[in-house]
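Architecture at a glance
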Amino acid sequence: MTVLEKRKIGNTGVELTSLGLGTSPLGGCGVSVPFADFEAVILKAYELGVRYFDTAPLYGLGKSEHSLGHVLRVNGLLKDVVISTKAGRILKPASRSKRAESLYGIDWIEPLPYVDEYDYSYEGIMRSFEDSQQRMGVDGIDILYLHDVSGVWHRDSYDRYLSQLRESGYRACDELRSSGAVKAIGLGVNETASVLQVAAEFNLDCSLVAGRYTLLNHQPLEDFFPEAQRRGIAIIAGGVYNSGILAEGSKGAAAVRTYDYQLASPEILRRVEALEIVCSEFDISLATAATQFVYSHPAVTAVVQGALSTRHVEANVAAISAKVPSEFWSELKARGLIPNAAPIIDLAA
């Protein structure tokens, strides 16, 4: 078994392995995932040292939570792992409800027969939390993220949903945390601005932020990370491959040559090609560089990556575990591919 480094989320008592497994792909995000494959991926991750698993009601419209809880429970693993899920959506019968609008129009394959409806009120968060407990078969959840509390995601409806939080949703989060039903509260989003906006109104322990700090996106170095550290908000980083391009590289198939879920632009491809040249010179995979660049920042507590097969899990663990010499990062900085201010851990020492 690989021994993965662990970092704590403030004073919550929650400790995460450097690598977490995100179960959005396993929920059937654009592809059919039989339960046997779901179970194999979870068990392989556990075998290789992963002790943090993230899910959400949205993933497969309840399917991911059902499957994750079942696998962990029947294999006796619940006591050894940290689980996070999300609130902000209620699942309702598909035959009698209208599905919530989604920024990316996610196509769930063979989901459960439900649709999601946004609700960030006290009642909505409490119901979401209790429903998640029942789907997973657990008594309490380690981390509860408020899902997609984001102006980018909700656009014109953002103020309305933020008002729900202010009027009563924050109170639900506070009650869940103070009672011990939840150990940590955060946001699960694809942007940084909303994290700081909510943090100014409510005490966040952590936040799962996807795709904002990567080998291709360095903006959080200037504003977001310093403020998150000042406020004591642990960042769990998702989307470190920017939806595909930093995993498959510039020569990958068009379907995976994506940046933020869109076909990578010529400029992005040129930057990736420049990164690949240095990776080749040091015999380091692009995925390894992408993973460890993000994890090196002290604001980042863990990196969460999805997987559809045991092979993907093995590759993810290898990427976080490989030894990368400091000279590699120095060369990236010398060629202007990453900022001089980017913190780097010398794992080869």
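Residues numbered from 1 in each chain as written. Predicted model: local features only at pLDDT ≥ 70, side-chain atom pairs only at ≥ 80, totals over all residues. Heavy atoms only, no water.

1. A word on the packing of helix 3 (residues 122-136) against helix 5 (residues 158-179)
Put simply, the rule is: Angular values range over 0 to 180 degrees, each being the angle between N-to-C directions of two axes fitted as lines to C-alpha atoms, with helices fitted over their stretch in contact. The helix count covers DSSP runs of H or I at least four residues long, the strand count covers runs of E at least two residues long, and both are numbered beginning at the N terminus. We call two residues contacting when some pair of their heavy atoms lies within 4.5 Å. Charged residues are taken to be Asp, Glu, Lys and Arg, nonpolar residues to be Ala, Val, Leu, Ile, Met, Phe, Trp, Tyr, Cys and Pro, and polar residues to be all remaining types, Gly included.
Helix 5 packs onto helix 3 with a crossing angle of 35 degrees between their chain directions and a minimal axis gap of 7 Å. Residues Tyr 122, Ile 125, Met 126 and Phe 129 of helix 3 touch helix 5, and the partners they reach there are Leu 165, Ser 168, Gly 169, Arg 171, Ala 172, Cys 173, Glu 175 and Leu 176. Within the contact of helix 3 with helix 5, the residues separate by chemical class into 8 nonpolar, 2 polar and 2 charged.

2. Some points on the packing of aromatic side chains
Any pair of aromatic rings gets described here by the distance separating the centres and the angle formed by the planes. Selection rule: Between the rings of Phe, Tyr and Trp (Trp by its six-membered ring), a pair exists once the centres lie within 6.5 Å; its type follows the angle of the planes, with under 30 degrees stacked, over 60 edge-to-face, and the other angles tilted. Burial classes: relative accessible area under 20% of the type maximum marks a residue as buried, over 50% as exposed, and values in between as partly exposed (1.4 Å probe, protein chains only). A ring is considered to have a charge above it if a Lys NZ or an Arg CZ atom is located within 6 Å of its centre and within 35 degrees of its normal.
Applying the stated criterion across every chain, the model contains 10 aromatic pairs. Between Tyr 213 and Phe 293, the aromatic rings sit 4.9 Å apart at their centres with planes inclined by 25 degrees, giving stacked as the arrangement. Linking Tyr 213 in the loop between strand 10 (206-210) and helix 7 (224-231) with Phe 293 in helix 10 (residues 286-295), this pair joins segments that are 80 residues apart in sequence. On the basis of relative accessibility, which here comes to 0%, the residue Phe 293 falls in the buried class. Feature note: the residues Tyr 213, Phe 224, Phe 225, Phe 282, Phe 293, Phe 328 and Trp 329 constitute an aromatic cluster, connected by ring pairs. Positioned over the ring face of Tyr 161 is Arg 160, at 4.6 Å from the centre of the ring.

3. Section: the side chain of His 154
Among the secondary structure elements, His 154 is positioned in helix 4 (residues 151-154). Look past the residues within four positions of His 154 in its chain and what remains in contact with it is Tyr 118, Tyr 120, Asp 148 and Tyr 161.

4. A short note on the pairing of strand 10
Where we set the bar: Pairing between two strands requires that DSSP report at least two bridges joining them. Whether a crossover is right-handed comes down to one check: with the strands pointing away from the viewer, does the path from the first strand over the helix to the second run clockwise; if it does, it is right-handed.
Among the 5 residues in strand 10, 5 count as buried, and that is most of the element. Neither face of strand 10 is open: one carries Cys 206, Leu 208 and Ala 210, the other Ser 207 and Val 209, and all of them are buried. As judged from the 4 bridges shared by strand 9 (residues 182-189) and strand 10, these two strands associate in the parallel manner. Within strand 10, the position partnered with Gly 186 by the bridge is Cys 206. Assessed by its sense of winding, the connection that carries the chain from strand 9 through helix 6 (residues 193-199) to strand 10 is right-handed. In this sheet, strand 11 (residues 234-238) lies alongside strand 10 in parallel orientation, the contact comprising 5 bridges. Counterpart to Leu 208 in the pairing with strand 11 is Ile 236. Handedness of the strand 10-helix 7-strand 11 crossover: right-handed.

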